[in-house]
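Letter by letter, the chains look like this.
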Amino acid sequence: MSEKLVLALFGSPRKSGPTGRLFDAFIEALPGGTQVRMFDAFSMKIAPCNGCGGCEKTGNCVLRDDMDEVYEAMEAADGFVIATPAYNLSFPAPLKAVVDRMQCYWSRRFSLGMRPPVEKPKVGALLLAAGSVEKSGADVLQRQTRMLMSVLHCRLTACVPFMGTDQADAAQREKAALLAAKQAGHTFFTSR
Ligand SMILES: Cc1cc2nc3c(=O)[nH]c(=O)nc-3n(C[C@H](O)[C@H](O)[C@H](O)COP(=O)(O)O)c2cc1C
């Protein structure tokens, strides 16, 4: 199998929290030789989308910042993984800015009629940590991710939630969550 490239978006401000542990389990289980380009949303300089409409004319964002590297990786990647905690039922603000700046792919597809908006097909995964066992945050994140990936020529094949991270019995659920993340990494390029 030829070497695969994974674009990884990391959305937690903490490297070793529940999100980080899910992420590490997933990445370590990827097939040997897989290259990973990891983008840490909290350390990147990404301006928010200002809705200027420029991408509706060209298919590209008019803003120039760290997002350029993400756009470049998006064209080359075979896999796309988002690892994030739930913040107010959504992505933390820096990651939300990255997601909003992917509006140019939506514009390619729906304003400019480009099919596919990104040439290379991808498989996608969502790894999420939520403090509560209540499902709303996970549901919203999964819905947003599915919608985003649908304009990235990317099939969401795995969603690994680690729920109740802030509850007293979190450690008991962590084992199953890490195992699921590992399994998702292992089968990432073969899952349907
Ligand atoms: C600003 C903020 C908002 C949060 N909002 C939610 C939420 O809406 N739903 C939820 O289940 N947990 C929420 N949490 C809890 C985090 O999702 C939880 O602590 C998670 O495990 C953090 O992961 P991390 O330490 O890997 O970043 C929130 C935490 C913070 C700091």
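Our structure's up above, just so we're on the same page.
Below or above, wherever it landed, is the structure these notes cover. (Residues numbered from 1 in each chain as written. Predicted model: local features only at pLDDT ≥ 70, side-chain atom pairs only at ≥ 80, totals over all residues. Heavy atoms only, no water.)

### With respect to the nonpolar core
Nonpolar side chains tend toward joint burial in soluble globular proteins.
Stage number 1. Within the largest apolar cluster, 38 residues are counted, with the highest numbers of intra-cluster contacts made by Leu7, Leu9, Phe80, Ile82, Met102, Tyr105 and Leu152.
Stage number 2. When residues of this core are traced back to their parent elements, those giving at least two are strand E1 (5-10), helix H3 (67-76), strand E3 (79-85), helix H4 (93-100), helix H5 (103-110), strand E4 (122-130), helix H6 (136-150) and strand E5 (154-163).
Stage number 3. Examining the composition of this core, we find that 5 residues originate from one element, H3, more than from any other.
Stage number 4. Counting residues in hydrophobic clusters, the runner-up holds 21 residues, among them Phe10, Phe23, Val81 and Val123. (Core = buried A, V, L, I, M, F, W, Y, C linked by side-chain atoms within 4.5 Å. Buried < 20%, exposed > 50% of the residue type's maximum accessible area, 1.4 Å probe, protein only. Helix = DSSP H or I, 4+ residues; strand = E, 2+ residues; numbered from the N terminus.)

### Describing the packing of helix H1 (residues 18-28) against helix H7 (residues 170-186)
Stage number 1. Contact pair H1 / H7: the axes reach a minimum separation of 7 Å and the direction vectors enclose 35 degrees. The handedness of the crossing between H1 and H7 is right-handed. Here Arg21, Leu22, Ala25 and Phe26 of H1 lie close against H7, whose contacting residues are Glu174, Ala177, Leu178, Ala181, Lys182, Ala184 and Gly185.
Stage number 2. Considered class by class, the residues forming the contact of H1 with H7 number 7 nonpolar, 1 polar and 3 charged. (Axes fitted to C-alpha atoms, helices over the stretch in contact; angles between N-to-C directions. Left-handed = near helix turned anticlockwise from the far one by under 90°. Contact = heavy atoms within 4.5 Å. Nonpolar A, V, L, I, M, F, W, Y, C, P; charged D, E, K, R; others polar.)

### Some points on the side chain of Arg108
Stage number 1. Mapped onto the elements, Arg108 comes out in helix H5.
Stage number 2. Judged by its relative accessible area of 10%, Arg108 falls in the buried class.
Stage number 3. Polar side-chain contacts of Arg108 include one of 2.8 Å to the backbone oxygen of Gly59.
Stage number 4. Those residues in contact with Arg108 that sit more than four places away from it in its chain are Gly59, Asn60, Glu75, Gly113, Met114 and Pro117. (Polar contact = N/O pair within 3.5 Å; in protein donor to acceptor, adjacent residues only side chain to side chain.)

### Here's the deal with the site of the ligand
Stage number 1. As a matter of local geometry, the ligand sits amid 16 residues, with Ser12, Arg14, Thr19, Ala86 and Thr165 nearest to it.
Stage number 2. A distance of 2.6 Å separates an oxygen atom of the ligand from a polar atom in the side chain of Ser12.
Stage number 3. Between Ser132 and the ligand, the recorded distance is 2.9 Å, taken from a backbone N or O atom to an oxygen atom.
Stage number 4. Out of a free accessible area of 640 Å², the ligand has 75% covered by protein chains.
Stage number 5. Every element with two or more residues in the shell around the ligand is listed here: H1 and E4.
Stage number 6. Considered class by class, the residues forming the shell around the ligand number 7 nonpolar, 7 polar and 2 charged. (Near = heavy atom within 4 Å. Areas by Shrake-Rupley, 256 points an atom, 1.4 Å probe, with all protein chains shown as cover.)

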